[in-house]
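Here is how the chains run, residue by residue.
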Amino acid sequence: MENNYDIIVVGAGHAGCEAAVAPARMGNQVLLVTMNLALVAQMSCNPAIGGIAKGQIVREIDALGGMTGVVTDHTMIQFRMLNRSKGPAMWSPRAQCDKSAFSFYWRRVLENTPNLHLRQDTVTELVLDHDAVVGVKTQLGKTIYAKKVILTNGTFLNGKIHVGEVNFSGGRIGEGASFVLSDQLKSLGIRTQKLKTGTPVRIDGRTVDFSKMEEQPGEENPGRFSFTNTPPLHQQLSCWITYTNEKVHRVLEKGFEKSPMFQGRIQGVGPRYCPSIEDKIVRFSDRTRHQLFLEPEGRHTNEYYLNGFSSSLPEEIQEEALHLIPGLEKAEIYRPGYAIEYDYFDPMQLHYTLESRVVRNLYLAGQVNGTTGYEEAACQGLMAGINAHLALSQKEPLILSRSQAYIGVLIDDLVSKGVQDPYRMFTSRAEYRILLRQDNADRRLTPIGRELGLIDQEHYVEYLNKYEIQHQITDYLRQHTTCYQTLNEMLEKRETSPLTQNVKMETVLLRPQISIQDLIDYDLDFARFLQQIGADSEQITNAETEIKYSSYIQKEEELVKHLSNLDTIKLPEDMDYQNIQSLSKEAREKLSKLRPVNLGQASRISGVSPADITALMIVLRA
């Protein structure tokens, strides 16, 4: 096995770890090559997993059999469910993690996965046979062969770090960049562009005056990411909120003349939705302050991450501005903020499996495809690993639709629309977000994970039992009436009109003022029933969501059914779009370049109009 594998994964970030573990668990011999085995799944930016839409992605990864949710649950130090004031389609779990423990736990997962082999080395070149990759060459002079190669190089390809007027090569501070590989891919016809990302200062917590900040504790009853029986979270650590002010902004503006971003030394486009502090000052010049979050990096370190203060300004400017922020007047810097400029590859040159259209057997996943965030990277790695395995097994690929998963939305957006700035997932990107809730990710995807062999029998039985109990709860609410006299006291307290007769419990629960907990508190028969069937809090909450949002869910399912008909109409791989004169010129160009698999994918390509889709349907019927 030393020089011949089924799959080689290059890079052990969040994408690489998922890309390596999945096919190994499905039976492939996998080699994971990384520059530094001590830094696998490094949280190089903020020490957190999840957040708006990102939390849904992590739950989807877990539902398919990926490991990011499990690792998060074992290493988190704070849990919060964001957007609880909104509907459950917007609820998004987020966890602060112990940065070192997160990396260490992932390392343990890698080392204990059968069929997975690890090597510390740098891949410098792909080995090609005509237009297909057949292996890699490394810095230490090894040539290693494989049937599939997955690149997950993150920000390391031609990476350059900027701090004020100082710049040097690197993929992360303290780690070298990779150069030759990116140049080779360009020469093969893979389109390469530059993006920029940044990270804030790290602060010594011993020098912070927390009394001047607003404490942000975790939830009283913390949840978890994994649908498996991961351990509960105890002894949460708090985050802290503070703000910039006009004095801070004036100091930062002094450094603009030495800013690599404003002086043109950075050519890459930065993240639109996570701008640097200097970018915020310019873009939102009317704002007198910006919110900052001071986040602990772990249980056994004094290091804190200042979320919202990403910067590439000179270190002395960062420090001067920092000392004008409430609570940070005497703060000492462990590490200044910096920006990284790096190469990414145009994702519109990918198949929906994440295999390259230019080089056969080559898959790309993570930030190399123009995304930002651990979660977006991890789900791409998982899908690339699964599809590499399925291709080796000569099975149909796994392509999740936009109505199945946020993962499907992400990959469809990348392949059909490309990126202009680092892609970040939001709930607003999903047309069917009522269906794509964080609570039902296992219902949507666990049967798929089971079929793939990533979900074991014990987990699958637990999944079936969970939904059987949930079904019993919704049935009870729909079939049983409640005593109106018993409930009226509670209804009056909730400021909703009293009942004049007994009604189905479902009818009462549909009132926006009423929660399922109200029914449990006031209906002893219902409370005893829940205890009898062994219902837990998650099953009870999920049943409530199913009842309260049943009409919306039904409408969205009907819309999916109507629109998904286009996804069933396949497009021939060799269709000559250039000769279909009824298509617009732009549609002919886009369809020829992207080669969508079906009409549904074609309809979502920017520049392909409904008239073009009608024209294609006519051609297919001819």
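A. Molecular detail of the overall build of the protein chain. Looking only at helices and strands, one finds 21 helices and 21 strands in the protein chain. In terms of C-alpha radius of gyration, the protein chain reaches 26 Å, essentially the compact-globule figure of 25 Å for 622 residues. Overall, the C-alpha framework of the protein chain stretches about 80 × 75 × 50 Å when taken along its three principal axes. Taking all 622 residues of the protein chain together, 57% fall into the buried category.

B. Region of the structure containing helix α1 (residues 14–25). The end-to-end C-alpha distance of α1 is 17 Å, a good match for the 16 Å that 12 residues give at a rise of 1.5 Å each. Turning to α1, its buried residues are His14, Ala15, Gly16, Cys17, Glu18, Ala19, Ala20, Val21, Ala22, Pro23 and Ala24. Two residues or fewer after α1 comes Gly27, characterised by a positive phi angle close to 115°.

C. Seen up close, the environment of Asn361. Along the chain, Asn361 falls in the loop between β18 (338–345) and β19 (362–364). For the pair Asn361 and Asp131, spaced 230 residues apart in sequence, the C-alpha separation works out to 9.1 Å. Discounting residues that sit within four places of it in the chain, Asn361 has contacts with Ala132, Val133, Lys147, Lys148, Val149 and Glu355.

D. Representation of the pattern of salt bridges. Inspection of the entire model under this criterion finds 36 salt bridges. A salt bridge links Arg59 to Glu538, with the shortest nitrogen-to-oxygen separation between them at 3.7 Å. With Arg59 in helix α2 (residues 54–64) and Glu538 in helix α17 (residues 537–548), this residue pair connects regions lying 479 residues apart in the sequence. Taking relative accessible area as the criterion, Arg59 reaches 4% and is therefore assigned buried.

E. How the structure looks around the side chain of Gln318. Structurally, Gln318 is set in helix α8 (residues 315–322). Residue classification places Gln318 among the buried residues on the basis of a relative accessible area of 0%. In this structure the side chain of Gln318 is engaged in a polar contact, spanning 2.8 Å, whose partner is the backbone nitrogen of Gly337. Apart from residues no more than four positions distant in its own chain, Gln318 is found in contact with Val163, Val201, Phe309, Ser311, Ser312, Leu313, Pro336 and Gly337.

F. Spatial organisation of the sheet that holds strand β5 (residues 92–97). Within the open sheet, the 3 strands sit side by side as β3-β5-β4. Their pairing is antiparallel. Here the strands that pair on one side only, and so sit at the sheet edges, are β3 (48–50) and β4 (76–82). The average angle at which neighbouring strand axes cross in this sheet is 20°, direction not considered. Pairing geometry for β3 and β5, over 3 bridges, is antiparallel. Directly across from Gly50, in β5, lies its bridge partner Arg94. Each of β3, β4 and β5 touches helix α3 (residues 68–75); the most contacted strand, β4, lies at about 115° to it.

G. Summary view of the nonpolar core. Membership of the largest hydrophobic core comes to 106 residues, with the highest contact counts inside it found for Trp106 and Leu362. By residue number, the principal contributor to this core is helix α9 (residues 374–392), which donates 10 residues. The contacts of Leu362, once residues within four sequence positions are left out, are Leu126, Val133, Val149, Leu151, Leu185, Ile190, Leu354, Glu355 and Ser356.

H. Looking closely at the environment of Pro512. For Pro512, the position within the fold is in the loop between α14 (505–509) and α15 (516–522). Classification of Pro512 as exposed rests on a relative accessible area of 73%. Expressed as a C-alpha distance, the spacing of Pro512 and Arg494, which sit 18 residues apart in the sequence, is 9.8 Å.

I. Representation of the packing of α2 against α3. Two elements in contact, α2 and α3, have axes separated by 7 Å at closest approach and are oriented at 115°. If you check the angle between α2 and α3, you find them roughly perpendicular. Across the interface between the two elements, Val58, Ile61 and Asp62 from α2 touch Thr68, Gly69 and Val70 from α3.

J. Quick look at the pairing of strand β1 (residues 4–10). Across the 7 residues of β1, 6 count as buried, placing the element largely inside the fold. Note that β1 and strand β9 (residues 143–151) share 6 bridges and pair parallel. By the bridge assignment, Val9 is partnered in β9 with Ile150. Here β1 pairs with strand β2 (residues 30–34) via 4 bridges, running parallel. Bridged to Val10 within β2 is Val33. This β-α-β element, β1 to α1 to β2, shows right-handed connectivity.

K. Looking closely at the packing of aromatic side chains. Tallying each qualifying case throughout the model produces 8 aromatic pairs. Between Phe210 and Tyr304, the ring centres sit 5.5 Å apart and the planes meet at 50°, which makes this aromatic pair tilted. Here the residue Phe210 occupies a position in the loop between β12 (192–204) and β13 (214–216), and Tyr304 occupies one in strand β16 (residues 303–310), the gap between them amounting to 94 residues. Judged by centre distance (4.4 Å) and plane angle (20°), the rings of Tyr476 and Phe529 are stacked. Placement of Tyr476 in helix α12 (residues 457–479) and of Phe529 in helix α16 (residues 524–533) is noted, with a sequence separation of 53 residues between them.

The rules behind the values
Residues numbered from 1 in each chain as written. Predicted model: local features only at pLDDT ≥ 70, side-chain atom pairs only at ≥ 80, totals over all residues. Heavy atoms only, no water. Helix = DSSP H or I, 4+ residues; strand = E, 2+ residues; numbered from the N terminus. Rg over C-alpha atoms; globule rule 2.2 N^0.38 Å. Buried < 20%, exposed > 50% of the residue type's maximum accessible area, 1.4 Å probe, protein only. Expected span 1.5 Å × (residues − 1). Contact = heavy atoms within 4.5 Å. Salt bridge = Lys/Arg side-chain N within 4 Å of Asp/Glu carboxyl O. Polar contact = N/O pair within 3.5 Å; in protein donor to acceptor, adjacent residues only side chain to side chain. Pairing = 2+ DSSP bridges. Axes fitted to C-alpha atoms, helices over the stretch in contact; angles between N-to-C directions. Core = buried A, V, L, I, M, F, W, Y, C linked by side-chain atoms within 4.5 Å. Parallel < 35°, antiparallel > 145°, perpendicular 65-115°, else oblique. Right-handed = clockwise from strand over helix to strand, strands pointing away. Phe/Tyr/Trp six-rings, centres within 6.5 Å; stacked < 30°, edge-to-face > 60°.

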